[in-house]
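# Architecture at a glance
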Amino acid sequence: LHAPRTPHAAMADWTDCLDFGISLAKQASEAVLTAFNRQKEVKLKSSPADLVTETDQRVEKMLISAIRKRYPQHRFIGEESVAAGEPLELTDRPTWIIDPIDGTVNFVHRFPFVAISIAFTVNKQTEFGIVYSCVEDKLFHAQRGRGAFLNGEPLHVSGQEDISRCVVVTEIGAERDDLALSTLTSNIFRLLKLPVHGVRALGTAAVDMCQVATGGADAYYHIGMHCWDIAASAIIVKEAGGVVTDTDEFDMMSRRVIAASSSSVANRISQVVRAFPCRRDCGGAPGANGGAAL
Ligand SMILES: O=P(O)(O)O[C@H]1[C@H](O)[C@@H](O)[C@H](O)[C@H](O)[C@@H]1O
Ligand SMILES: [Mg+2]
Ligand SMILES: [Mg+2]
């Protein structure tokens, strides 16, 4: 059952790819910070709140061309490549899942939480994740089975098991239709009424979720994000001892996620939070879950 399904899985250690990914994330961060305080040309994607800039596109092209030069057989899922029409398909091949700027609205407004998110999968299993919060100069990373780190220091979740003692992080996202907004705001209302200690949103899913890995938050949930927003931070939370789930198994293509300090907190959130219909990123049956609990 555990035999590698494809020859490249036999190469159990992907540390060289991880080290290269970290060096690229640092390079990309320099490009993002150079542009951070400059005038930006902003384009809209799926909604008036779903923005993209020339820097998003240039950084993603830089990352992909550098990786392709070193690993020509590898595959890519990049947010802005998909937006430009590239197919979104996760195969068993070594695949880099890239969000060149997570928090583009923040980037446009100079709100100081923007991140580069890079995940790497083989046989559809995440081998490592890198989230670089550029303005904070915080590099989060994790490699499967080897722990999670922030600027080289080990990370561990809070272990909080009591939902009423939790800080919960989420995002409202770019959806502006009534069903999505009423679902998302009522989720926050129900959580606050539990009560929880607080609800937070930084404007970048990747950095939001990394707060669970640091123990600074106790849970994160999101409906409507994409695989590139959370693929890297999911392994960072898991390697920090956290739980990453959905209704049952975590499925990075489902556009729903719950990350928590413990399974009891994850279960409570799945009871309280409702989803709205989202088309899957790829694979499986079309997104169901019209308003049902997660
Ligand atoms: O588009 P980018 O890469 O900035 O990703 C953000 C999404 O756009 C938001 O909808 C979503 O709410 C999160 O903020 C996510 O980080
Ligand atoms: Mg993103
Ligand atoms: Mg992005």
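Basis of the calculations
Residues numbered from 1 in each chain as written. Chains lettered and ligands numbered in written order. Predicted model: local features only at pLDDT ≥ 70, side-chain atom pairs only at ≥ 80, totals over all residues. Heavy atoms only, no water. UniProt positions renumbered as here; feature names shortened; annotations may be inferred. Helix = DSSP H or I, 4+ residues; strand = E, 2+ residues; numbered from the N terminus. Rg over C-alpha atoms; globule rule 2.2 N^0.38 Å. Buried < 20%, exposed > 50% of the residue type's maximum accessible area, 1.4 Å probe, protein only. Contact = heavy atoms within 4.5 Å. Areas by Shrake-Rupley, 256 points an atom, 1.4 Å probe, with all protein chains shown as cover. Lys, Arg positive; Asp, Glu negative; His and termini not counted. Charge placed at Lys NZ, Arg CZ, Asp CG, Glu CD. Domains from an automatic or database assignment. Polar contact = N/O pair within 3.5 Å; in protein donor to acceptor, adjacent residues only side chain to side chain. Nonpolar A, V, L, I, M, F, W, Y, C, P; charged D, E, K, R; others polar. Near = heavy atom within 4 Å. Donors = N, O, S within 2.8 Å, 3.2 Å for Na, K, Ca; no water. Expected span 1.5 Å × (residues − 1). Pairing = 2+ DSSP bridges. Axes fitted to C-alpha atoms, helices over the stretch in contact; angles between N-to-C directions. Core = buried A, V, L, I, M, F, W, Y, C linked by side-chain atoms within 4.5 Å.

Under the annotation held in an unreviewed UniProt entry, the chain carries the name Inositol-1-monophosphatase and is attributed to Salarias fasciatus. According to the UniProt record, the Pathway (unreviewed entry) comment for the chain reads "Polyol metabolism; myo-inositol biosynthesis; myo-inositol from D-glucose 6-phosphate: step 2/2." As recorded by UniProt, the Sequence similarities (unreviewed entry) comment attached to the chain reads in full: "Belongs to the inositol monophosphatase superfamily."

For the chain, the helix and strand inventory stands at eight helices and 14 strands. For 294 residues, the compact-globule formula gives about 19 Å, and the C-alpha radius of gyration of the chain, at 18 Å, lands near that figure. Taking the principal axes of its C-alpha atoms as reference, the chain extends roughly 50 × 50 × 40 Å. With 294 residues in all, the chain has 55% of them scored as buried. At a minimum sequence separation of 6, the contacts of the chain that also span at least 24 residues come to 65%. Here the chain displays about 12900 Å² of accessible surface, and carbon together with sulfur accounts for 52% of that area. Charged side chains of the chain number 30 positive and 35 negative; the gap between the two group centres comes to 1 Å.

Moving on to the domain arrangement of the chain. Considered domain by domain, the chain is made up of domain 1 (8-154) and domain 2 (163-272). The C-alpha-based centres of domain 1 and domain 2 are spaced at 20 Å. Inspection of the domain 1/domain 2 interface yields eight residue pairs in polar contact (both at pLDDT 80 or more). The element best represented in the side of domain 1 that touches domain 2 is strand 6 (residues 125-133), accounting for seven residues. A class-by-class count of the residues in the side of domain 1 that touches domain 2 yields 19 nonpolar, 13 polar and eight charged.

Our focus in this paragraph is the site of ligand 1. Around ligand 1 there are 14 residues in total, and Asp 99, Asp 102, Gly 103, Thr 104 and Ala 205 lie nearest to it. One nitrogen or oxygen atom from the side chain of Asp 99 is found 2.9 Å from an oxygen atom belonging to ligand 1. Relative to its unbound accessible surface of 370 Å², ligand 1 loses 87% to contact with the protein. The element contributing the most residues to the shell around ligand 1 is strand 4 (residues 95-102), with three residues. Considered class by class, the residues forming the shell around ligand 1 number three nonpolar, six polar and five charged. Residue-level mapping places the shell around ligand 1 at the junction of two domains, with at least three residues from each of domain 1 (8-154) and domain 2 (163-272).

In the first shell of the magnesium ion (ligand 3), the protein supplies Glu 79 (OE), Asp 99 (OD) and Ile 101 (O), at 2.0 to 2.2 Å from the metal. The sequence pattern describing where the donors of the magnesium ion (ligand 3) fall on their chain is E-x19-D-x1-I. The metal-metal distance between the magnesium ion (ligand 3) and the magnesium ion (ligand 2) is 3.6 Å, with Asp 99 serving as a donor to both. Accessibility expressed as a relative area gives 2% for Ile 101, which makes it buried.

With that settled, the discussion passes to the coordination of the magnesium ion (ligand 2). Asp 99 (OD), Asp 102 (OD) and Asp 229 (OD) make up the full set of protein donors to the magnesium ion (ligand 2), lying at 1.9 to 2.0 Å. As a motif over one chain, the donors of the magnesium ion (ligand 2) read D-x2-D-x126-D.

It is worth spelling out helix 1 (residues 15-36) at this point. The end-to-end C-alpha separation of helix 1 is 31 Å, in line with the 32 Å expected for 22 residues at 1.5 Å each. Among the residues of helix 1, Cys 17, Leu 18, Phe 20, Gly 21, Ile 22, Leu 24, Ala 25, Ala 28, Ser 29, Val 32, Ala 35 and Phe 36 are the ones counted as buried. Buried positions along helix 1 lie against helix 2 (54-70), strand 4, helix 4 (104-109), strand 5 (115-122), strand 6 and strand 7 (138-143).

Let us now look at the sheet that holds strand 11 (residues 198-200). Judged by pairing direction, the sheet is mixed, and its five strands sit side by side in the order 11-10-12-14-13 without closing on themselves. A strand with exactly one partner marks an edge of an open sheet, and here the two such strands are strand 11 and strand 13 (243-245). Neighbour to neighbour, the strand axes of the sheet diverge by 20° on average, direction disregarded. The sheet strands contacting helix 5 (residues 178-193) are strand 10 (167-169), strand 11 and strand 12 (219-223), and the helix crosses strand 12 at an angle near 155°. This element, helix 8 (residues 263-272), spans strand 10, strand 12, strand 13 and strand 14 (256-260) of the sheet and lies at about 145° to strand 14.

Another aspect to go through is the nonpolar core. Ile 97, Val 131, Met 209, Tyr 220, Ile 230 and Ile 236 are the most contacted members of the largest nonpolar core, which totals 41 residues. For this core, the element with the most residues is helix 7 (residues 227-239), which contributes nine residues. Contact partners of Ile 97, with chain neighbours within four places excluded, come to Ile 77, Leu 90, Ser 117, Ile 118, Ala 119, Thr 121, Cys 227, Trp 228, Ala 231 and Met 252. With 31 residues, the next largest nonpolar core counts Phe 107, Val 122, Cys 134 and Leu 139 among its residues.

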